[in-house]
Amino acid sequence: MLSQCLQTPLCFCSVPVAMSSFTASYSFASCGSNQHPHVPPLTRISCASIPNRIPKRKKAPETSETQELVRLLARKISDKEPLAKTLNKYVSLVRTEHCFLLFEELGKNDNWLQCLEVFRWMQRQRWYIADNGVYSKLISVMGRKGQTRMAMWLFSEMRNTGCRPDTSVYNALISAHLHSRDKTKALAKAVGYFEKMKASERCKPNIVTYNILLRAFAQARNVEQVNSLFKDLDESIVSPDIYTFNGVMDAYGKNGMIREMESVLARMKSNQCKPDLITFNLLIDSYGKKQQFDKMEQVFRSLLHSKEKPTLPTFNSMILNYGKARLKDKAEDVFKKMTDMGYTPSFVTHESLISMYGYCDCVSKAIELFDGLVASKAQIKVSTLNAMLEVYCMNGLPQEADSLFERASSIKIFPDASTYKLLYKAYTKANSKELLGKLLKHMDRDGIIPNKRFFLDALGAIGSLPANSESANAATDSNNRQDSSKVKLET
């Protein structure tokens, strides 16, 4: 369907019809002579929209008292006293809903072991009743933290307590497996659970199940399996929603699979599902990364004419992708339009501009912008420092990068692990033994221990150097000097 119409570029438009309901359409239309020279023929898609067939579930609002108690407990929990002792102080107040939120709060801070402690404490309370929702939440938290075995143990324990798994539990278990490093094995496990769900009357797959699997297989570039799941979805009683299409298109777009992304856009049209802001942004970013700027610009114009409004990530993406293509004037025009529309640049916007100038060989412009931020006395994030260092390094100015690194603390910017990794790789690639030596001394002083990934990335840079490179020897010799350090480098 898509291959028959690859003739003209993409354009969206949205037309309100009435207060109670409206119809939006988007189609591929011609851009005239402004087509980018590297852009292949495009697809014609028109897409009428109606409200999604499955209404969004409204989340029950937690009371402010519940949230306040959870925040209090999260602050009180520390290594200084047993977690159970802290919870016992509030035993008359804490109930299942508090623990549920506490799991989420602790999970955000990588305290998954403390989640299990809270769970064990719950089980000892009179009011505790084994509940699928609690197990589902815990399995999700364990999965996000890469603790697949712990997720499986919780699943087994749930069954041992007499709880019967439902769809939400299987969805959590599938997601937990998909967070593991061995993606091939994880996808096979996920399909196994999916087939088991289809064979069960109690645990039939819902749209969340399909959305998880579709995105996972799109990320794995398995187009055949994605199409098979879509076919299965069409034959089921479950209807796809906006999250279904956005998830798959985003995964394809991040993989640079534009044709496949557009085929999902066509499917979205046939399901009469209207685009939202996420749809516009992911299309803009995907086309920009592939330097298909005629399509990117048309989607942006359509966004401006729709009921949705651009966000800062919309502009940041366009600025950075124009920069990578060395289209400085285009990027600056986007920034001007952004400010003319009343948007206030964020630190990410400034980083996008700094990086853009670096790609366009305008180092002086990047320095001017960075120095302006320093002079403004605004708090500068380490990621902004990294962006400026990267500009120096990509333009063959390692000495300037070293100078900025040395004075970073004086302007109240404190480098983190990512800064060291960036400079180590750049100095290695520049074959600068002197700068590598200085950096290694800083790493010793700050207690930074390079991990395996750190050196693998550095070896990637060394691979492009002569075999007898002195920097290669410096990288190897650095291992012995790291043994006395205390803090492990997080990469």
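So, how was this worked out
- In every chain, residue numbers begin from 1 and rise along the written sequence.
- Local features in a predicted model are, by the rule used here, given only for residues with pLDDT of at least 70; side-chain atom pairs are given and counted only at 80 or more, and totals for whole chains, interfaces and linings are based on all residues.
- Hydrogens and water are ignored here; the side-chain numbers use all heavy atoms of the structure.
- The way it works is that DSSP assigns letters per residue, a run of H or I at least four long becomes a helix, a run of E at least two long becomes a strand, and they are numbered from the N terminus.
- The buried label applies to any residue whose accessible area, calculated with a 1.4 Å probe on protein chains only, is under 20% of its type's maximum; exposed applies above 50%, and partly exposed to all values in between.
- Should any heavy atoms of two residues lie within 4.5 Å, those residues are considered in contact.
- The accessible surface values rely on the Shrake-Rupley method and a 1.4 Å probe; as for residues, cover is taken only from the protein chains in view.
- A pair of aromatic rings is counted whenever rings of Phe, Tyr or Trp (Trp by its six-membered ring) have centres within 6.5 Å, and the orientation is called stacked for planes under 30 degrees apart, edge-to-face for over 60 and tilted otherwise.
- Any Lys NZ or Arg CZ that is within 6 Å of a ring centre and within 35 degrees of that ring's normal is treated as a charge sitting over the ring.
- Nonpolar core, defined: a set of buried Ala, Val, Leu, Ile, Met, Phe, Trp, Tyr and Cys residues in which side-chain atoms within 4.5 Å join the residues together.
- Salt bridges are identified by distance alone: a Lys or Arg side-chain nitrogen within 4 Å of an Asp or Glu carboxyl oxygen.
- Expected span of a helix: the number of residues minus one, times 1.5 Å.
- All axes are obtained by fitting lines to C-alpha atoms, using only the stretch in contact for helices, and the reported angles, taken between N-to-C directions, cover 0 to 180 degrees.
- Orientation is classified from the angle alone, with under 35 degrees giving roughly parallel, over 145 giving roughly antiparallel, 65 to 115 giving roughly perpendicular, and any other angle giving oblique.
- For any helix crossing, the convention is left-handed if the near helix is rotated counterclockwise from the far helix by under a right angle, and right-handed if that rotation is clockwise.
- Three classes are used: nonpolar for Ala, Val, Leu, Ile, Met, Phe, Trp, Tyr, Cys and Pro, charged for Asp, Glu, Lys and Arg, and polar for all others, with Gly counted as polar.
- Distance and chemistry together define a polar contact, namely a pair of N or O atoms within 3.5 Å, with one atom able to donate a hydrogen and the other to accept it when in protein, and with adjacent residues in sequence counting only for side-chain atoms on both sides.
- For patch building, the residue pool is restricted to those with more than 30% relative accessible area and no salt bridge; the joining distance is 9 Å between like charges and 5 Å between nonpolar side chains (Val, Leu, Ile, Met, Phe, Trp, Tyr).
- His is not counted, nor are the chain ends; Lys and Arg add positive charge and Asp and Glu add negative charge.
- Charge placement uses NZ in Lys and CZ in Arg. For Asp and Glu, CG and CD serve respectively.
- Confidence of the predictor at the level of single residues is captured by pLDDT, which takes values from 0 to 100.

Quick look at the overall build of the protein chain
- Per the secondary structure count, the protein chain includes 24 helices and five strands.
- When burial is assessed residue by residue, the protein chain has 47% of its 491 residues classed as buried.
- Across the protein chain, every contact between residues at least 6 apart in sequence was considered, and the portion connecting residues at least 24 apart equals 66%.
- Accessible surface, the protein chain: about 25,600 Å² in total, of which carbon and sulfur atoms supply 51%.

Examining unusual backbone geometry
- The phi torsion at K377 lies on the positive side, around 65°, for a residue other than glycine.
- Structurally, the position occupied by K377 is in the loop between α18 (363-375) and α19 (382-394).

Focus on the packing of aromatic side chains
- Following the criterion strictly, the structure yields eleven aromatic pairs and no others.
- On the numbers, 5.7 Å between centres and 80° between planes, the contact of F405 with Y420 is edge-to-face. Taken together, the residues span a long stretch of sequence, with F405 in helix α20 (residues 398-407) and Y420 in helix α21 (residues 417-429) at a distance of 15 residues.
- Each member of the aromatic cluster is reached from another via a ring pair, and the members are F119, Y128 and Y135.
- K381 extends its terminal NZ or CZ atom over the ring of F347, reaching a point 4.9 Å from the ring centre.

Brief notes about the nonpolar core
- The biggest cluster of nonpolar side chains holds 125 residues, and the ones touching the most others in it are F103, I139 and L423.
- At eight residues, helix α9 (residues 207-219) tops the list of elements feeding residues into this core.
- When residues no more than four places from it in sequence are discounted, the contact partners of F103 are C115, V118, F119, M122, V134, K137, L138 and V141.

Concerning the pattern of salt bridges
- Applying the stated criterion across every chain, the model contains 19 salt bridges.
- By sharing partners, the salt bridges in this structure join E104, K137 and R144 into a single network.

Comments concerning helix α4 (residues 112-123)
- Its twelve residues give α4 an end-to-end C-alpha distance of 17 Å, which sits within 8% of 16 Å, the value for a rise of 1.5 Å per residue.
- Of the positions making up α4, those classed as buried are W112, Q114, C115, L116, V118, F119, W121 and M122.
- Residues of α4 that are buried make contact with α2 (83-89), α3 (96-108), α5 (132-144) and α6 (148-160).

Re the environment of R159
- Mapped onto the fold, R159 is located in helix α6.
- According to the relative accessible area criterion, R159 is partly exposed, its value standing at 46%.

Let's talk about the packing of α4 against α5
- Two elements in contact, α4 and α5, have axes whose closest approach is 10 Å; the angle formed by their N-to-C orientations is 165°. With respect to their mutual orientation, α4 and α5 come out roughly antiparallel. Along this stretch, α4 crosses α5, giving a crossing that reads as left-handed. Here α4 contributes W112, C115, L116, F119, M122 and Q123 to the contact with α5, which in turn contributes V134, Y135, L138, V141 and M142.
- Its residues assigned to classes, the contact of α4 with α5 shows ten nonpolar, one polar and no charged.

Focus on the packing of helix α15 (residues 312-324) against helix α17 (residues 347-359)
- In the contact formed by α15 and α17, the axes pass within 8 Å of each other and the chain directions differ by 10°. Classified by the interaxial angle, the pair formed by α15 and α17 is roughly parallel. In this structure, α15 uses L312, N316, I319, L320, G323 and K324 to contact α17, whose residues at the interface are V348, T349, S352, L353, S355, M356 and Y359.
- Here the contact of α15 with α17 is built from residues that sort into seven nonpolar, five polar and one charged.

Examining the side chain of S180
- Mapped onto the fold, S180 is located in the loop between α7 (167-178) and α8 (183-198).
- Among the polar contacts listed, one links the side chain of S180 to the backbone oxygen of H177, at a separation of 2.5 Å.
- Other than its neighbours up to four places away in sequence, S180 contacts T148 and A186.

A short note on a positive patch on the surface
- Together, R149, R159, K185, K189 and K196 line one region of the surface with positive charge.
- Among the elements of the structure, α6 and α8 are those that each provide at least two residues to the positive patch.
- If you tally residues by element for the positive patch, the top one is α8, at three residues.
- Here R149 is to be found in helix α6.

So, the confidence of the model for the protein chain
- Per-chain confidence: the protein chain averages 82 in pLDDT, with 79% of residues scoring 70 or above.
- Contacts from residues 1-62, a stretch scored under 50 in pLDDT, to residues over four places away or in other chains number 137 contacts.
- In this model residues 464-491 is a low-confidence stretch, pLDDT under 50, and it forms 53 contacts with partners more than four residues away in sequence or in other chains.

Some words on the environment of L369
- Here L369 lies in helix α18.
- C-alpha separation for the pair L369 and E351, spaced 18 residues apart in sequence, amounts to 9.5 Å.
- Not counting chain neighbours up to four residues away, the residues in contact with L369 comprise H350, L353 and I354.

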